[in-house]
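# Descriptive structure summary
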Amino acid sequence: MPGGCEAGRVLWLFRAAWFALPVTLGPALAHTLEHTSAPVTVVAAALAALSWGTGLVAMLVPRSVSLTVLRAAVPAAFAVAVACAVRAGDGVGASEALGLTGTAVPVGLLFGVSALADAFVDGSSYGDERRFALRTPLALAVGPAPLAWAATVGPSVAAPLLLAAKAWVPGAVMMGLAAVLAPRGADALHRLSRRWAVFVPAGFVLHDPLALAEPVLFPRRMVRAMGPAPAADADVALDTTGGATGLVIELVLTEPVTMGVRAGRGEPEGRETDRVLFCAARPGAVLAEAAQRRLAVAVPPPTTSSPA
């Protein structure tokens, strides 16, 4: 199908950009480590190799957990390129420029091409089902998500480098922070990767641990229609988008259902509704899949401009 072809092409481009990282980022990193001690150089090289190898395995095995790994490793590579450029100061040269460019490409693909997220999310599907990633709410993307990334990656990288530099006290502090923060940060990142809409033979499922207490199955017989959400329905439908930007899809049911909705850190609240709003990363692909599976797809009427 066209969407699958697009995801496949982007995935191979993503893999190629990451595979080339030793050539694109390697010279800048080597330049930065020229005047560091041997233990720091060895540890830094080992961390770089471990991150690159782990990312490569994650790319070759598309799964939702692989998406989490890459959302940690890919920005880390770009951060290393930035650090190399900053360290070079006035001596920034071709190697630093190549490092910035070579790491910016996978970052742009990972966070800018929705088909790539779909490829990893759908890699975890089984049987006759198709998963589509949900769009990350903007409030999370610009705030908590970067903080979760920093908590996961920062102390875990800083601790061995500080210990290699014989900065024992800061290194020990960072080790403690890594033990406490990294698991929590990784869990928060993985929650973002485990948000999807999925078509199954029995109907349609929303799997969103941020908005819902548990996945909700809407049997085929209950799905009246699915399509772009009319603005007039925003006040009567259950909104699970979390304020995500982009086209919002409305799922209209034949009868009300009760869903456990998460509200902050409190206990889930039961809400009864016959209309549910969600925001897929690729809404067009979702509606095309719905039509292919013979679910009713509602098309909004064309707008008519009033005479001036």
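## Concerning a nonpolar patch on the surface
There is a patch of nonpolar side chains on the surface, built from Trp168, Val169, Val173, Leu177, Val180 and Leu181 and spanning about 560 Å² of accessible area. Tracing the sequence through the fold places valine 180 in helix α10 (residues 168–193).

## A look at the pairing of strand β4 (residues 216–219)
Taking every second residue as pointing to the same face, the buried face of β4 carries Val216 and Phe218, while none of Leu217 and Pro219 on the other face is buried. With 4 bridges joining them, strand β3 (residues 203–207) and β4 adopt antiparallel strand pairing. What sits directly across from phenylalanine 204, in β4, is phenylalanine 218.

## Some points on the pairing of strand β1 (residues 130–133)
Residue alternation in β1 divides its side chains into two sets, Arg130 and Phe132 and Arg131 and Ala133, and both sets are buried. As paired strands, β1 and strand β2 (residues 196–200) are joined by 4 bridges and run antiparallel to one another. Pairing of arginine 130 across the sheet is with phenylalanine 199, part of β2.

## Details of the confidence of the model for the protein chain
Close inspection of predicted coordinates is inappropriate in any region flagged by low pLDDT. Mean pLDDT for the protein chain: 91, with 93% of residues reaching 70 or above. When the elements of the protein chain are averaged for pLDDT, helix α1 (residues 2–19) gives the smallest value, 82, and β2 the largest, 97. Per-residue pLDDT stays below 50 along residues 301–308; that stretch engages in 0 contacts with residues further than four places along the chain or on separate chains.

## Considerations on unusual backbone geometry
For lysine 166, which is not a glycine, the phi torsion comes out positive at approximately 65 degrees. One non-glycine residue, arginine 294, lies in positive phi territory at about 65 degrees. Secondary-structure assignment places arginine 294 in the segment after α11 (283–292).

## Let's talk about the packing of helix α5 (residues 64–88) against α10
Between α5 and α10, the least distance of the axes is 9 Å, while the angle of their chain directions is 125 degrees. Comparing the axis directions of α5 and α10 gives the class oblique. Seen from above, α5 lies across α10 with right-handed handedness. Here α5 contributes Ser64, Val65, Leu67, Thr68 and Arg71 to the contact with α10, which in turn contributes Ala186, Leu189, His190, Leu192 and Ser193.

Cut-offs used in this document
Residues numbered from 1 in each chain as written. Predicted model: local features only at pLDDT ≥ 70, side-chain atom pairs only at ≥ 80, totals over all residues. Heavy atoms only, no water. Patch = residues over 30% accessible without salt bridge, like charges linked within 9 Å, V, L, I, M, F, W, Y side chains within 5 Å. Areas by Shrake-Rupley, 256 points an atom, 1.4 Å probe, with all protein chains shown as cover. Salt bridge = Lys/Arg side-chain N within 4 Å of Asp/Glu carboxyl O. Helix = DSSP H or I, 4+ residues; strand = E, 2+ residues; numbered from the N terminus. Buried < 20%, exposed > 50% of the residue type's maximum accessible area, 1.4 Å probe, protein only. Pairing = 2+ DSSP bridges. pLDDT = per-residue confidence, 0-100. Contact = heavy atoms within 4.5 Å. Axes fitted to C-alpha atoms, helices over the stretch in contact; angles between N-to-C directions. Parallel < 35°, antiparallel > 145°, perpendicular 65-115°, else oblique. Left-handed = near helix turned anticlockwise from the far one by under 90°.

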